[in-house]
Amino acid sequence: MSIYFIKKSKINKTLAFFIAFGILLSFISCKKTELGEYKIVKQSTFVQQAAVTAHPEASRIANEILEKGGNAIDAAIATQFALAVCYPNAGNIGGGGFMVYRSKDGEVNTLDFREKAPSKSSVDMYLDSNGEVVEGLSTLGHLSSGVPGSVDGMHEAFLKYSALKDWGILLEPAIELARNGFRLTERQANELNAESSDFKKVNSEDCVFIKNSNFKTGELFIQSDLANTLDAIKIRGRAGFYEGEIAEKIISEQINNGGIMRLEDLSAYHSVWRKPISFDYKNYKMYSMPPPSSGGILLAQLFKAIEEYPISKWGMHDKKTIHLIVEAEKRAYADRAKFIGDTDFVPVPVNDLVKKEYMKIRMSDFDSLKASAPDSIEAGKLESEETTHFSIVDKFGNAVSITTTLNGSYGSHVIVDGAGFIMNNEMDDFSAKVGVANMYGLVGAEANKIEPGKRMLSSMTPTIVEQNGDLFMVVGTPGGSTIITSVFQTIVNVIEHNQSIDDAVQNCRFHHQWKPSEVFIEENCFSADLIKELEVMGHIIETREPIGRVDAILIKDGKIMAAADKRGDDCVAGK
Ligand code: DON
């Protein structure tokens, strides 16, 4: 209802009333009805604070922490732990992620809590004796996990920026959700049922993710082991996970099942504060993740590639706009495959890759009428699907953009015995073999080969945009290789096509990643005429399931407008 009223009302006087009504509704948004169903609000305008996450329980919890005087960092920490309970496909303590933070004073910092390769890992660990990649080894089971970074990352963020200075308060809502349970949405029940056989392959049958009957919509999902694990983290902070009982449970699980992670890997894990990738585009400044994510570099490349072209005049889904973006994406993703890896291990020519002159050279063979064959594109010459995203803005004006993941949906599917949480399968983001595609079809090279202690290359692109020096957008998404595309297209929709944040998030997306050759488009979204026009230009078009699940906030005219992607159960909350 709030969606209808706020979108349709045009008259200023009544707008204030409707906004107030939207705000009123927002107090009941993301809460359960008496029947245990969720009220999922997809967009709303707030005046004080907003949170957008992948699950209504997590959005509610973020808003409650903000209400208790927490800042955006406090709310983000509580959200990360809540999502580990109520969105186990991707929310995690057994995975990792990236955070972009902008303080009310305009200080921007990024936190890399990406997983690391265990010290016993090796470049050929996923190859058979013939040097071929063994299918499934880097995606399912104990060998597919990197050393988790989320708990250290949250603790690090807490020490540096928390306003509440009370770690326990931030853990309690998640513990409560795990101990007393939460209601499964229809989507969640279906997903758990669909994943049942993979869970059975790598776990004993007595864990809560495996049942003899089907999971049902509205069913109460209780995770007692996870509640105890979160309790240990609440009491002992970082040490509650990386040392002692929980650490020992993680490592026995590994040792008993052919895994290579050891206690030293856990105790040695530390997240890292890194300087953001920042770049100007017209009167906007964007901040995003540096390596080991490729997100910030590619976002900068894409904006620099389109800057000279009148795409706002052409329109969002005009063949000229799509053709230009697709061609820019081919070149950017070719660079990703060759040059980008963990800068703690390999030199990455970051500054050169994001230079305007460099992108100009990369686009110099762009033919405005004809698609280029991906094989005709090489990386430039230089003198060099389930993740989750949440966006939060607090009443002080601080903003947090976090993308966090187990990699695939439910990661490795391994639930640490007695500890109740799922381990990631992030090792698949390394290139198991040069030129062989990973689960997102991305090919990699030397820069992203496996090395002990190295972080695997990522596409996660949590981003914050300023307009004329003020906070303007907080944005990000899951979607594997399509993350960069989705973040880019959402920002372009707002700043070039003048769309509301809701339209910018909900509109149809398309994607090219250099290899394979296809332009992927969302199903039932693009007209047959447009598809034909693009095919005539030489593009190979393929429809696919939804691209991305963007959760974004736009700050405009003193209002905080939040939008949650219709492609999931994502929900906005605020005040
Ligand atoms: O870091 C990356 O790029 C991937 N592990 C992200 C995976 C992902 O987004 C899956 N979500 N749909």
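Refer to the structure printed above.
Quick notes on the rules
Residues numbered from 1 in each chain as written. Predicted model: local features only at pLDDT ≥ 70, side-chain atom pairs only at ≥ 80, totals over all residues. Heavy atoms only, no water. Helix = DSSP H or I, 4+ residues; strand = E, 2+ residues; numbered from the N terminus. Axes fitted to C-alpha atoms, helices over the stretch in contact; angles between N-to-C directions. Parallel < 35°, antiparallel > 145°, perpendicular 65-115°, else oblique. Left-handed = near helix turned anticlockwise from the far one by under 90°. Contact = heavy atoms within 4.5 Å. Pairing = 2+ DSSP bridges. Disulfide = S-S within 2.5 Å. Buried < 20%, exposed > 50% of the residue type's maximum accessible area, 1.4 Å probe, protein only. Phe/Tyr/Trp six-rings, centres within 6.5 Å; stacked < 30°, edge-to-face > 60°. Right-handed = clockwise from strand over helix to strand, strands pointing away.

### Some thoughts on unusual backbone geometry
Glycine aside, a negative phi is what most residues show, and trans is what most peptide bonds show. Pro291 connects to Pro292 through a cis peptide bond whose omega is 20 degrees. Assignment of secondary structure puts Pro292 in the loop between strand S9 (284–288) and helix H12 (295–306). Going from Lys515 to Pro516, the amide bond is cis rather than trans, its omega being 5 degrees. Within the secondary structure layout, Pro516 lies in the loop between strand S14 (510–511) and strand S15 (519–522). With a phi close to 70 degrees, His413 is a non-glycine residue in the positive phi region. Relative to the assigned elements, His413 resides in the loop between strand S11 (399–405) and strand S12 (463–467). Even without glycine at this site, Trp514 takes up a positive phi of about 75 degrees. The residue Trp514 is located in the loop between S14 and S15 in this model.

### Comments concerning the packing of helix H4 (residues 72–86) against helix H6 (residues 167–180)
It is the contact of H4 with H6, at a shortest axis distance of 8 Å, that shows an interaxial angle of 20 degrees. Taken as axis vectors, H4 and H6 run roughly parallel relative to one another. Handedness of the H4/H6 crossing: right-handed. Where H4 approaches H6, its residues Asp74, Ile77, Ala78, Phe81, Ala82, Val85 and Cys86 are matched on the opposing element by Trp167, Leu170, Leu171, Ala174, Leu177 and Ala178.

### A look at the sheet that holds S14
Pairing is mixed across the open sheet formed by 3 strands, whose spatial order is S14-S15-S16. Taken across any chain shown, the strands that pair with only one partner, and hence form the sheet edges, are S14 and strand S16 (541–544).

### Points about the state of the cysteines
All told, the structure shown has 1 disulfide when counted by the stated rule. With its sulfur 2.2 Å from that of its partner, Cys508 forms a disulfide with Cys525. Disulfide Cys508 to Cys525: torsion about the S-S bond roughly -80 degrees, handedness left-handed. Taken together, the residues span a long stretch of sequence, with Cys508 in the loop between helix H18 (501–506) and S14 and Cys525 in the loop between S15 and helix H19 (528–536) at a distance of 17 residues. Take Cys525: its relative accessible area is 28%, and that puts it in the partly exposed class. Left without a disulfide partner, Cys207 is nearest to the cysteine sulfur of Cys86, which lies 18 Å away.

### Here's the deal with the packing of aromatic side chains
All chains considered together, the criterion is met by 20 aromatic pairs. Taken together, a centroid distance of 4.3 Å and an interplanar angle of 40 degrees make the contact between Tyr101 and Tyr161 tilted. In this pair, Tyr101 is assigned in strand S3 (residues 96–102) and Tyr161 in helix H5 (residues 150–161), connecting sequence segments 60 residues apart. This pair shows no difference in class: Tyr101 is buried, exactly as Tyr161 is. Here the aromatic cluster, defined as three or more aromatic residues joined through ring pairs, consists of Phe182, Phe199, Phe209, Phe215, Phe221 and Tyr410.

### Here's the deal with the pairing of S15
Going residue by residue along S15, you find Val519 and Ile521 tucked away on one face and Phe520 and Glu522 tucked away on the opposite face as well. Bridge count between S14 and S15: 2 bridges; the pairing is antiparallel. Bridging across to S15, His511 finds its partner in Phe520. Pairing between S15 and S16: 4 bridges, direction parallel. By the bridge assignment, Val519 is partnered in S16 with Ile541. For the segment spanning S15, H19 and S16, crossover handedness is right-handed.

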